[in-house]
Amino acid sequence: MTDWNSVSVKTPPTLKPLVPADIRTHLNLGTADATDDYLNLLIDAAIAQVDGGADGIGYAMLAQTWLLTFDNFKWSSPIDLLGWPVNNLVSIKYAENEQSEIQTLNPNLYSLVKERTIAQVYPINTDGEWSYWPTDLDYRPGKVQVEYTLGAASAADVPADLKMALLMMIGKWFMAREGLVSMNLSEIPSGSTAILNKYRWGAAAA
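Residues numbered from 1 in each chain as written. Predicted model: local features only at pLDDT ≥ 70, side-chain atom pairs only at ≥ 80, totals over all residues. Heavy atoms only, no water.

**Student:** Can you help me understand the sheet that holds strand 2 (residues 64-70) in this one?
**Tutor:** For sheets, the rule is that strands pair by backbone hydrogen bonds, running either parallel or antiparallel. Ordered in space as 1-2-8-4-5, the five strands form an open sheet in which the pairing is antiparallel. The sheet is open, and its two borders are formed by strand 1 (7-11) and strand 5 (103-104), each paired with just one other strand. Relative to strand 8 (residues 144-150), strand 2 runs antiparallel, the two sharing seven bridges. Its bridge partner being in strand 8, phenylalanine 70 is matched across the sheet by valine 144. (Pairing = 2+ DSSP bridges. Helix = DSSP H or I, 4+ residues; strand = E, 2+ residues; numbered from the N terminus.)

Structure (structure tokens):
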């Protein structure tokens, strides 16, 4: 079972894959007006169905930084990075015991393999050969911290079908806005569900 509680968004994206003008075009709403505040609310609600893993599908649409924490290294096993698409590994930090300070692992001692749906980090030695993670560490909850970046640099780089899934969700919510008191904003049109499942973390590896 994937523990999405072990990962958090350290630096959220500063951009959005859609803007109110995109919604207006999709719904043929005309020029901008006070409704844009409401459209931004719907955009944020749709993004929440995608970004992140606890509530979303584990896909990071736009540039952001995540922090994965766990209690100990698993000797020579690779570290699975939750979420995708992963861009770069920023750092791996850990503490040897309760009293020691957090230290940064030498980047020459691991290698990121990101050309998969599930990106993994492998321990290597200074010669680039297979190795193992630091051992004999005392138990300390959350003492291993892996920071990495995900997502596209611009909204133009977000997959078109994923944007369409957002538009379908927003369109449904907007057209049913009079009934939102009894309607859950997490209700997703079937067409959107099919697209979201395509981009769900780990789907291509299943």
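**Student:** How should the pairing of strand 6 (residues 110-113) be read in this particular structure?
**Tutor:** Within a regular strand, side chains alternate between the sheet's two faces. Note that strand 6 and strand 7 (residues 120-123) share four bridges and pair antiparallel. Along strand 7, the bridge assignment pairs tyrosine 110 with proline 123. Hairpin connection of strand 6 to strand 7: six residues between the antiparallel strands.

**Student:** How do you make sense of the pairing of strand 4 (residues 86-94) when you look at a structure like this?
**Tutor:** Strand direction decides the pairing type here: strand 4 and strand 8, joined by six bridges, are antiparallel. Considered in strand 8, the bridge of asparagine 88 is made with threonine 149. Two strands pair when backbone bridges link them, and strand 4 and strand 5 are joined in this way by two bridges, in the antiparallel orientation. The partner of tyrosine 94 across the bridge, within strand 5, is glutamine 103.

**Student:** I tried to follow the packing of aromatic side chains on my own but got confused; where do I start?
**Tutor:** Aromatic ring pairs are reported here in terms of the distance separating the ring centres and the angle at which the planes meet. By the definition in use, this model includes twelve aromatic pairs. For the pair tryptophan 4 and tryptophan 66, a centre-to-centre distance of 6.4 Å together with 80° between the ring planes defines the contact as edge-to-face. Of this pair, tryptophan 4 sits in the segment before strand 1 while tryptophan 66 sits in strand 2, and the two are 62 residues apart along the sequence. An identical accessibility class is assigned to tryptophan 4 and tryptophan 66; each is buried. Ring centres of tyrosine 59 and tyrosine 199 lie 5.3 Å apart, and the angle between their planes is 75°; this geometry places the pair in the edge-to-face category. Of this pair, tyrosine 59 sits in the loop between helix 2 (35-47) and strand 2 while tyrosine 199 sits in helix 4 (residues 190-199), and the two are 140 residues apart along the sequence. Residue class for tyrosine 59 comes out buried when judged on its relative accessible area of 7%. Taken together, the ring pairs connect Trp4, Trp66, Tyr148 and Trp201 into an aromatic cluster. (Phe/Tyr/Trp six-rings, centres within 6.5 Å; stacked < 30°, edge-to-face > 60°. Buried < 20%, exposed > 50% of the residue type's maximum accessible area, 1.4 Å probe, protein only.)

By themselves, these figures tell us nothing about what the structure is for.
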